[in-house]
Amino acid sequence: MDISSTFSTRRDDLRARHDALAAAEPKLRARDRATRLGVSEAELVAAECGGLSAVPLAGAPKAIFGELGSLGEVMALSRNDACVHERHGRYEDIQLGHGHVGLVLGPDIDLRVFFDSWRTTFAVTENGRRSLQFFDRHGGAVHKVYVTDATDAGAYDALVARFAAPSPSWPDVDPVVATVNDDKGNDDSGNDNNAAVNVDTVNDPQGLRAAWQALKDTHDFFPMLRKFKATRLGALRAAGADLAQQVPLDTAETVLTRAAGSGLPIMVFVSNKGIVQIHTGPVEKLLRTGPWFNVLDPRFNLHLNTTAIASTWVVNKPTVDGWVTSVEVYASNGDLIVQMFGARKPGNPELTAWRDLLAGLCSEPLAS
């Protein structure tokens, strides 16, 4: 059987199974449909399931990503299993370098990128909406870039034409191997994982606490975890209530609601294994839809599945600029769902109103 015949066979089989599932359960999202069918999101796209059309793009995803600045204003989307982060803006100040780590430091689109996990890219059209979609080595969606009315459509077409593969091919997808809490860590992002460490146990809690108290930058947190072979949750449980304490599961919703009511600018981080996407600014329009708590502002949307929240923590770290506090929301498997800070830049102290807000939600005092 030749390559084109093999592709057609796989495509037709998956389409048939997908269409049967979609007809039986039309409200399932693509991510959930892929899971139910035992395939990846990338394979659903390659098979053009659900009536979408897809053009596979050749070349390294990093090279394609590096051209996103030519598109003008777009909508950038990154998500994990329980939270979706959407931000309108331009890809500005793209810093890729020679390794696997990249940055986008524009005023609107703010990203930390880990290209070691990126593998395939498609140009997708679904219900008239066009996008570039990047997938990791397991076929999971890492990042999507949507054309809007403000996008340079000609530049988008030129980019797709430049990188379009000469013929369709089935995505090269690695099987998923279960690991423990190997996220990149948002404010303290690293590019390794914690697959070999225990979820809850810290062998030297006193040493970890002393190292935590000696932190000078939030980015030093991940190296500290590596040094003590600890997961994030293990470290939070071992550090002491003045550094990290568990708070009610609805704390993220409370914080967003109070920030919206006061106009307090915040930072919202959502990550998966390939990217961290950040919003900085106020939030205004909030709406609950079933299990999802949403921010629905013109340039920033957040969709948080609150039924996936297993624990929420207020975390307190010392830096050269003073103490920095955050809300961290975790899933039952230890994955970090969403993280929030008061809006700040290096060299500036934390907003007093933000720290007061979080301290007021804690049952025990925070170190200061």
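Everything below is about the structure printed above this text.
Residues numbered from 1 in each chain as written. Predicted model: local features only at pLDDT ≥ 70, side-chain atom pairs only at ≥ 80, totals over all residues. Heavy atoms only, no water.

The next subject is the sheet that holds strand β12 (residues 275–281). Each strand in a sheet pairs with its neighbour through backbone hydrogen bonds, running either in the same direction (parallel) or in the opposite one (antiparallel). Spatially, β4-β5-β6-β12-β11-β18-β17-β16-β10 is the arrangement adopted by the nine strands of the open sheet, whose pairing is antiparallel. Single-partner strands in this sheet number two, and they are β4 (94–95) and β10 (244–247). Pairing analysis gives four bridges linking β10 to strand β16 (residues 311–319), with the strands arranged antiparallel. Among the inter-strand pairings, Q245 is bridged to a residue of β16, identified as V314. Packing of helix α10 (residues 352–359) onto the sheet brings it into contact with β11 (266–272), β16, β17 (322–330) and β18 (336–342), and relative to β17 it is tilted by some 50°. (Pairing = 2+ DSSP bridges. Helix = DSSP H or I, 4+ residues; strand = E, 2+ residues; numbered from the N terminus. Contact = heavy atoms within 4.5 Å. Axes fitted to C-alpha atoms, helices over the stretch in contact; angles between N-to-C directions.)

We now examine the packing of helix α6 (residues 205–213) against helix α8 (residues 232–239). Between α6 and α8, the shortest axis-to-axis distance is 9 Å and the interhelical angle comes to 90°. Viewed along their axes, α6 and α8 adopt a mutual orientation that is roughly perpendicular. In this structure, α6 contributes P205, L208, R209 and W212 to the contact, and α8 contributes A235, L236, A238 and A239. By residue class, the composition of the contact of α6 with α8 is seven nonpolar, no polar and one charged. (Parallel < 35°, antiparallel > 145°, perpendicular 65-115°, else oblique. Nonpolar A, V, L, I, M, F, W, Y, C, P; charged D, E, K, R; others polar.)

Time to look at the sheet that holds strand β9 (residues 141–151). As summarised here, the arrangement of the nine strands in space is β1-β7-β8-β9-β2-β3-β15-β14-β13, forming an open sheet in which the pairing is antiparallel. One side of each edge strand has no neighbouring strand; the edge strands of this open sheet are β1 (53–57) and β13 (286–289). Strand-to-strand, the axes of this sheet are offset by a mean angle of 20°, without reference to chain direction. Across the sheet, helix α5 (residues 153–163) is in contact with β1, β7 (118–126), β8 (129–136) and β9; its angle to β8 comes to roughly 45°.

On to the pairing of β12. With six of its seven residues buried, β12 lies for the most part within the structure. Here strand β6 (residues 110–114) runs beside β12; their pairing, made up of four bridges, is antiparallel. Paired with V113 across the bridge in β12 is I275. Pairing of β11 with β12, which is carried by seven bridges, proceeds in the antiparallel orientation. In the strand pairing of β12, V270 is matched with Q277. Remark: two residues form the turn of the hairpin made by β11 and β12, two consecutive strands paired antiparallel. (Buried < 20%, exposed > 50% of the residue type's maximum accessible area, 1.4 Å probe, protein only.)

Another point: the nonpolar core. Where a protein is soluble and globular, its nonpolar side chains tend to be buried together. Counting 30 residues, the largest nonpolar core has L256, I266, L302, I337, V338, M340 and W354 as the members making the most contacts within it. Taken together, the elements giving at least two residues each to this core come down to α9 (251–262), β11, β14 (292–296), β15 (300–305), β17, β18 and α10. Take this core: its biggest share by element is four residues, from α9. Beyond its immediate sequence surroundings of up to four residues, M340 is in contact with A252, V255, L256, I266, M267, V268, T325, S326, V327 and W354. (Core = buried A, V, L, I, M, F, W, Y, C linked by side-chain atoms within 4.5 Å.)

In this section: the pairing of strand β2 (residues 72–79). Of all eight residues that make up β2, eight are buried, and the element is covered over most of its length. Bridge analysis of β2 against β9 gives five bridges, and the strand direction is antiparallel. Its bridge partner lying in β9, A76 is registered against V145. Alignment of β2 against strand β3 (residues 83–89), held across six bridges, turns out to be antiparallel. Residue pairing across strands places R79 opposite V84, the latter belonging to β3.

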